[in-house]
Amino acid sequence: MSEYFIQKLNFNENDGKEIAEFLADNFHKEHSFTVNGKSPRLHWGRVSHKINSVLLDGVVFVVRNKNKNIIGSVGLEETDHWWSDENFLGDSWFYVLPEYREITDGEKPSDLLLKTAMNYAKNLNKPIVMGVYNVSSVEKAEKLFYKNGFHKIGGTYYNDLR
């Protein structure tokens with residue numbers, strides 16, 4: 001039996017607050033658009049709006065450790081490309097705490113989360129599209145995605161001209 005378990009969050013004040021604090025305290029601090037840069041300013045109104053949107057119209061899964069603390073999460077929403085009427089599931093976030101990324105015993109929390117997201121998409125009969133928006137984790141994320149049958153379809157490029 002795994003030391004970790006998956007929970008689907010609900011659209012309520014407690015779940016919304018818990019995932020917002022987890023992402024603000026961890027995900028945000030680690031995500032920068034530049035090498036050795038800092039994360040863009042956190043805007044609580046936008047954080048609240050996005051998390052509520054995903055909880056209400058999409059799905060949020062968390063992985064918890066044996067102490068029931070959140071150690072990772074994925075938020076998925078149904079969307080489409082501007083040129084197509086075929087919907088897919090896209091991630092709003094996919095994050096695991098750094099100290100849980102290098103687990104060698106048993107299933108990694110990142111694998112557990114990704115497989116849960118993939119099963120959710122499969123049950124909806126939808127493709128799934130995952131993005132990587134952290135310059136320091138591209139190689140690890142690509143390895144995880146390739147291992148699980150994903151293929152690369154492009155890239156995102158950033159230039160801060162300020």
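Our structure's up above, just so we're on the same page.
Definitions and limits used
- Counting from 1, residues in each chain are numbered in the order their sequence is written.
- Local features in this predicted model are restricted to residues of pLDDT 70 or higher, and side-chain atom pairs are both shown and tallied only at a pLDDT of 80 or more, whereas totals for entire chains, interfaces and linings draw on every residue.
- For the side-chain quantities, the full set of heavy atoms in the structure was used; hydrogens and water were omitted.
- Remark: exposure states derive from per-residue accessible area (1.4 Å probe, protein chains only) relative to the maximum for the residue type, with buried under 20%, exposed over 50%, and partly exposed in between.
- The numbering of helices and of strands both runs from the N terminus, where a helix is a DSSP run of H or I of at least 4 residues and a strand a run of E of at least 2.
- In short, DSSP must find at least two bridges between two strands for them to pair.
- The definition of a polar contact used here is a pair of N or O atoms within 3.5 Å, where within protein one atom must be able to donate a hydrogen and the other to accept one, and adjacent residues in sequence count solely through side-chain atom pairs.
- Any pair of residues with heavy atoms lying within 4.5 Å of one another is described as a contacting pair.

Student: Explain the pairing of strand S2 (residues 59–64) to me, please; I cannot follow it from the model alone.
Tutor: Every other side chain in a regular strand lies on the same face of the sheet, so the side chains alternate between the two faces. Within S2, 6 of the 6 residues are buried, which leaves it mostly tucked inside the rest of the structure. Residues Val-59, Phe-61 and Val-63 line one face of S2 and the alternating positions Val-60, Val-62 and Arg-64 line the opposite face, and both faces are buried. Note that strand S1 (residues 5–8) and S2 share 4 bridges and pair antiparallel. Directly across from Lys-8, in S2, lies its bridge partner Phe-61. Bridge analysis of S2 against strand S3 (residues 70–80) gives 6 bridges, and the strand direction is antiparallel. Across the sheet, Val-63 pairs through a bridge with Gly-72, a residue of S3. Taken together, S2 and the strand that follows it, S3, pair antiparallel across an intervening segment of 5 residues, in which Lys-68 is found at a positive phi of about 70°.

Student: Teacher, can you tell me more about the side chain of Asn-65 here?
Tutor: Along the chain, Asn-65 turns up in the loop between S2 and S3. Polar side-chain contacts of Asn-65 include one of 3.0 Å to the backbone nitrogen of Asn-69. Of the polar contacts made by the side chain of Asn-65, one reaches the side chain of Tyr-100; its length is 3.2 Å. With sequence-adjacent residues up to four places away left out, Asn-65 is seen in contact with Glu-3, Tyr-4, Phe-5, Ile-71 and Tyr-100.

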